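# Fold and geometry: a report
So you can see what is in the structure, the chains are spelled out below.
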Amino acid sequence: MHKILTEVYNPASNTTYDVFIPLKSPVYEVVYLLTHTISDLSQGQYKAAEQSVLCDRINGNIFDINRTIEELGLKNGFKLMLL
């Protein structure tokens, strides 16, 4: 399985995590996993929610949840933000 290493920033907990993300995974799966993982790691500072979105940290574009990471063209080192 091919994966990319990305940086995920969460403003609610003001934390950044380095995360491996499978290229073939749809964004909605990645968001689900990230929200629950960051919720656990942040000790309650961030609460997992169905409305959470994943976006480009540089320009703020929200990713289509139905596309895969590969279809979005994400590469190693990409900076993401989980809201």
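What you see as residue numbers is a count from 1 along each chain, following the sequence as written. Two thresholds apply to this predicted model, a pLDDT of at least 70 for residue-level local features and 80 or more for giving and counting side-chain atom pairs, whereas whole-chain, interface and lining totals are computed over all residues. For the side-chain quantities, the full set of heavy atoms in the structure was used; hydrogens and water were omitted.

### Some remarks on the pairing of strand β2 (residues 15-22)
Two strands qualify as a pair provided that DSSP identifies no fewer than 2 bridges between them. Only DSSP runs of H or I covering at least 4 residues are called helices, and only runs of E covering at least 2 are called strands; the numbering of each starts at the N terminus. Here strand β1 (residues 3-10) runs beside β2; their pairing, made up of eight bridges, is antiparallel. Residue N10 lies in a different strand from β2, and its bridge partner there is T15. Hairpin connection, β1 to β2: the antiparallel pair is bridged by four residues, and N14 has positive phi, about 55 degrees.

### Remarks on the sheet that holds β2
Reading across the sheet, the four strands line up as β2-β1-β4-β3 and stay open at both edges, with mixed pairing between neighbours. Strands with a single pairing partner mark the edges of an open sheet, and in this sheet they are β2 and β3 (54-56). Averaged over all neighbouring strand pairs, the angle between strand axes comes to 40 degrees, with direction disregarded. As paired strands, β3 and strand β4 (residues 79-82) are joined by three bridges and run antiparallel to one another. Paired with C55 across the bridge in β4 is M81. An axis is simply a line fitted to the C-alpha atoms; with a helix, the fit covers only the stretch in contact. Between two such axes, the angle follows the N-to-C directions and lies from 0 to 180 degrees.

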